[in-house]
Amino acid sequence: MAYKITDECMACGTCLDSCPHNAIEEGEIFRITMACEDCGTCLDICPTGAIIEE
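Below you will find a few notes about this structure.

Procedures and definitions
Residues numbered from 1 in each chain as written. Predicted model: local features only at pLDDT ≥ 70, side-chain atom pairs only at ≥ 80, totals over all residues. Heavy atoms only, no water. Helix = DSSP H or I, 4+ residues; strand = E, 2+ residues; numbered from the N terminus. Buried < 20%, exposed > 50% of the residue type's maximum accessible area, 1.4 Å probe, protein only. Core = buried A, V, L, I, M, F, W, Y, C linked by side-chain atoms within 4.5 Å. Contact = heavy atoms within 4.5 Å. Salt bridge = Lys/Arg side-chain N within 4 Å of Asp/Glu carboxyl O.

Right, let's get into the environment of T33. In this fold, T33 is placed in the loop between strand 3 (31-32) and helix 2 (41-45). For T33, a relative accessible area of 15% translates into the label buried. Along the chain, T33 and G49 lie 16 residues apart, while their C-alpha atoms are 18 Å from each other.

What follows is the structure in structure tokens.
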């Protein structure tokens, strides 16, 4: 997995709705699961910059 969601996550759901692989899990801070295929969609769409490359 090449991406992770940091503490800057506001749980707005933008990444959840845009992930083509359903690889984001909801929570207080969202989490990228093993279903991630490293497409980078979440990285580009996160409004707070909370998703980074590992």
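Judged by nonpolar contacts, the single largest core of 14 residues is most densely connected at I5, C15, I24, F30, I32, C42 and I51. The contacts of I5, once residues within four sequence positions are left out, are C15, I24, I29, F30, R31, I32, A50 and I51.

Looking now at the pattern of salt bridges. All chains considered together, the criterion is met by one salt bridge. For the salt bridge of E25 with R31, the shortest nitrogen-to-oxygen distance reads 3.1 Å. When its relative accessible area of 43% is taken as the criterion, R31 is described as partly exposed.

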